[in-house]
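# Results of the structural survey
These are the residues of each chain, in order.
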Amino acid sequence: MIKKFLSVLLIAFSSIVSAQVIGNITDQNNEPIPFVNILIENTYKGTTSNDDGYYELNITEPKTYTIIYTFIGYKTVKKKVAIDKLPYKIDVVLEEESVSLDEVLVNSEENPADIIMRKVIAKRKENIEKINSFKADFYSRGLIRIKDAPEKILGQEVGDLGGGLDSTRSGIIYLSETISKIQYLRPNKLKEKITASKVSGNDNGFSFNNAIDVDFNFYNNTIEFGNEIVSPIANNAFGYYRYKLEGVFFDERGNLINKISAIPKRENDPVFAGTIYIVEDQWTLYGLELDITGVQARIPAVDIISLKQSFSYSETDKIWALISQSIDFKYKFLGIKGDGRFTAVYSNYEFNEGLSKKDFGREMVAFEDNANKKDSLFWKTIRPVPLTTEERTDYVKKDSIQFIRDSKPYLDSIDRVNNKFKLGDILGYMYQNSHKDIRYGDDIPIGGIQFNTVQGYTAKANLFFTKDYDDFKHFFRANASLQYGFSDERLRASGSITYKFNNTSRRFLTLSGGVITAQFNPSNPITPFINSISTLFFEDNYMKLYDKAYLQLNYSEELFNGFRLFSQFSYERRNALFNTTDQVFTNEENDIYTSNNPLDETAYGIAPFETHNIVKTNITAQINFGQEYLSYPDSKFNIGNDAYPTLVLSYEKGFGATNSDYNFDQIKARIYQTFNIADKGRFRYNLRAGKFFNADDITFIDYQHFNGNLTHVSTEGNYTNVFNNLPYYAGSTNDAYLEAHAEHDFNGFLLGKVPLINKLNFNLVVGAHLLATPDFKPYQEYTIGVDNIGWGKWRFLRVDYIRSYQSGFQSDAILFGLKFF
């Protein structure tokens, strides 16, 4: 009881103990002004006002200070104050800046804004090179609200989202803060050590706010913001923007500041719209206020994103440095809508202090010990942007109910309600013990109802059990599946158990086994749903199956950063299967089902292989070159590096077969990569090669198969792993092979410049594909298509024209790509 009383006193007096200048900032109408920068003159020590216009400036001792209040669009206020005691209150009223064109010499032959922007662009590289490296303190706050949340989404209960929703089903669903030390080395090295982290409603939580995610340098030609967005001061900016000089004003140092509107030439281009402020003669950024739509950023769920940046000048360093940034956004998708803000404050810069590449490794983010255990006094003292009333209320509310919601009685009471069997649970029921993190149940998926010519109609039922440990950092999973074929009148069962050992190297061990029907190509080139439609409505039974009884052990782990090992050991018994039904909805004249023999579509009742047993082992190494990562306590999150490819090396061996001719060895390699080409779109490639040994008479199951497609429909996001006009088993081989795919999505770069068409927001996509084996003449496909077809946020269709060549023109086809499967 005494400890609780002392804690209350500590919090109550925390604002008095911390050394602060405090106050409120309003405009001439007494309206609060958020995001005002407050700095001690000639330093990067400062703070920012919150949404209520309130600020707290932490200082170390009473003495005379010159404090500067700046906010874009308002006159700068400079106050010299002799502070003799703390806290010290200074309320400030900011007057709107008088922006005038009187100082501008207008040249009738050229837009004055264009003259200014040409000078800024000419000096862009020089301004980048002024900062070779820096160290700084970094503060970040993230807040996401939801408004009028639905009770259910896709049939699933939404609940109150951890206490975030009020009676109107609105409220804060995410609130988090971080304090960190950052280091930067030009051109793109940035690392962060988080010293404090706070998540509302989770006293053990670690924030996902970090400096890397909000590192937006407008001196670069493009800014990665969902899409690669062209900067208003990029070398090619005049191809995307028009400019208008709105006026000029003088800052507190006497610098002439040009206020310029950046206006997109085309509404769907990957560009910003808004205002940039340029320092005359120095031709540097003073600040910016820019918007971008979700369409432009290729983030469909977002309506609009607003970004503000403010810069401050240091006489000592002769540098205009970013001191604050805010990102506001509004979203709406699937009936869910809301808004949010991510605020960043940079302070205590140390420029060009000799950092080098050896000071940076692959670790981008790390946490100090006990970073999530800082108390309220610490946050009150160090937080550069005061909490708003709404934010303080959210912290108090969620922190107070956290203990209750984590308690066994509360969790048991919730489980008692959720565990009651309801009519809607007939197709799937889950029992949970939230206190022990145990869940188990059954599921009868609608998608389990399928049709193929071997089994006829099928139905499926699943059983599952899960046990989580340490907030899902490691877990145990057990699954079982039952499938019944109504035509072959056979029940097949399979199951697996998986254990995840940790969340750093992500070591997994899985034991699985059972009896299933399997496609000859283990990549499953045709989905059961597409095959069902193709078979019943078009009499095209492309899926070819065999019966597989197996026992398999899988192990995988990241041995060191960027190097992951996969291993597999299995015993299999394989039996041939045959068609058992000729049912069809649309019976086309002169069209019948083909046999289930992939070697010969007319070989009805003839097995493509003899029944046999075989033992197989596979060892695969995946190397992600240049992989960077975020280190969280007991967790590691890998970040791919677009500048480098991924290499996969594999060795596979089949041995102990009941027919010794079926034993084999295979080595194979794959290399793939995806990267942006500035504002020209996104390019990806995928190359495979391999060679069999001692494999002259192996079973067709163990051939290397290549993903074909004859349905004219695809549910793949991109086509760098498939030949969309190649029969499914046309190129299969037991010898050497080479497979290559390349695809470029122009992402609006070309079609966005075509009048009228650019309003549709379509993307042009081109591709090339090659397959070569000793017994299969080189096969090529060339594709050209249009992606992002749809309306509003619903962009679900891609249409491609394909031409195939093999010793000359072979055939062409139209492919429809669907993205909602």
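Residues numbered from 1 in each chain as written. Predicted model: local features only at pLDDT ≥ 70, side-chain atom pairs only at ≥ 80, totals over all residues. Heavy atoms only, no water.

Burial within strand 23 (residues 363-367) is extensive, with four of its five residues counted as buried. Of the pairings in the sheet, the one linking strand 23 to strand 34 (residues 628-632) comprises two bridges and is parallel in character. What sits directly across from Val365, in strand 34, is Leu630. (Buried < 20%, exposed > 50% of the residue type's maximum accessible area, 1.4 Å probe, protein only. Helix = DSSP H or I, 4+ residues; strand = E, 2+ residues; numbered from the N terminus. Pairing = 2+ DSSP bridges.)

On to helix 7 (residues 389-405). In this model, helix 7 (17 residues) spans 24 Å end to end at C-alpha, consistent with the 24 Å of a helix rising 1.5 Å per residue. Along helix 7, the residues that are buried comprise Glu391, Asp394, Tyr395, Lys398 and Gln402. For helix 7, the angular spread of buried residues about the axis comes to 100 degrees, placing them on one side. Exposed and facing more than 90 degrees away from the buried side of helix 7 are Val396 and Phe403. Contact partners of the buried residues in helix 7: strand 9 (133-147), strand 12 (171-185) and strand 13 (189-199). (Expected span 1.5 Å × (residues − 1). Arc of directions from axis to C-beta. Contact = heavy atoms within 4.5 Å.)

What follows concerns the packing of aromatic side chains. The tally for this structure, following the rule as stated, stands at 52 aromatic pairs. A centroid spacing of 5.8 Å and a plane angle of 90 degrees characterise the contact between Phe378 and Trp379, whose relative ring orientation is edge-to-face. For Phe378, a relative accessible area of 24% translates into the label partly exposed. Judged by relative accessible area, Trp379 falls into the buried class, the value being 1%. Pairwise contacts between aromatic rings join Phe520, Tyr546, Phe609, Phe700, Tyr703 and Tyr729 into one cluster. (Phe/Tyr/Trp six-rings, centres within 6.5 Å; stacked < 30°, edge-to-face > 60°.)

Another point: a negative patch on the surface. Together, Glu610, Asp661, Asp696 and Asp697 give the surface a local cluster of negative charge. On the secondary structure map, Asp696 appears in the loop between strand 38 (682-693) and strand 39 (713-714). (Patch = residues over 30% accessible without salt bridge, like charges linked within 9 Å, V, L, I, M, F, W, Y side chains within 5 Å. Areas by Shrake-Rupley, 256 points an atom, 1.4 Å probe, with all protein chains shown as cover. Salt bridge = Lys/Arg side-chain N within 4 Å of Asp/Glu carboxyl O. Lys, Arg positive; Asp, Glu negative; His and termini not counted. Charge placed at Lys NZ, Arg CZ, Asp CG, Glu CD.)

Take the environment of Gly495 next. Mapped onto the secondary structure, Gly495 falls in strand 29 (residues 490-500). With a relative accessible area of 25%, Gly495 lands in the partly exposed category. Sequence separation between Gly495 and His769 is 274 residues, and the spatial gap between their C-alpha atoms is 37 Å. Not counting the four nearest positions on each side in its chain, Gly495 is found in contact with Asn479, Ala480, Leu511, Ser512 and Gly513.

This part is about helix 8 (residues 408-418). Taken together, the buried positions of helix 8 are occupied by Leu411, Asp412 and Asp415. Projected down its long axis, helix 8 shows its buried positions confined to an angular sector of 100 degrees, all on one face. Facing away from the buried side of helix 8 by more than 90 degrees, the exposed set consists of Pro409, Arg416 and Val417. Residues of helix 8 that are buried make contact with helix 7 and strand 24 (428-433).

Further remarks concern the nonpolar core. Counting residues in hydrophobic clusters, the biggest one holds 78 residues, and the most contacted among them are Phe218, Phe225, Tyr241, Ile260 and Tyr349. Ranked by the residues each element gives to this core, the list is headed by strand 21 (residues 319-333), at eight residues. The contacts of Ile260, once residues within four sequence positions are left out, are Ala113, Ile116, Met117, Tyr243, Lys244, Leu245, Gly274, Thr275, Ile276 and Ile278. Counting residues in each nonpolar core, the second largest holds 30 residues, with Phe520, Tyr542, Ile698 and Phe700 among its members. (Core = buried A, V, L, I, M, F, W, Y, C linked by side-chain atoms within 4.5 Å.)

None of this, on its own, says anything about what the molecule does.
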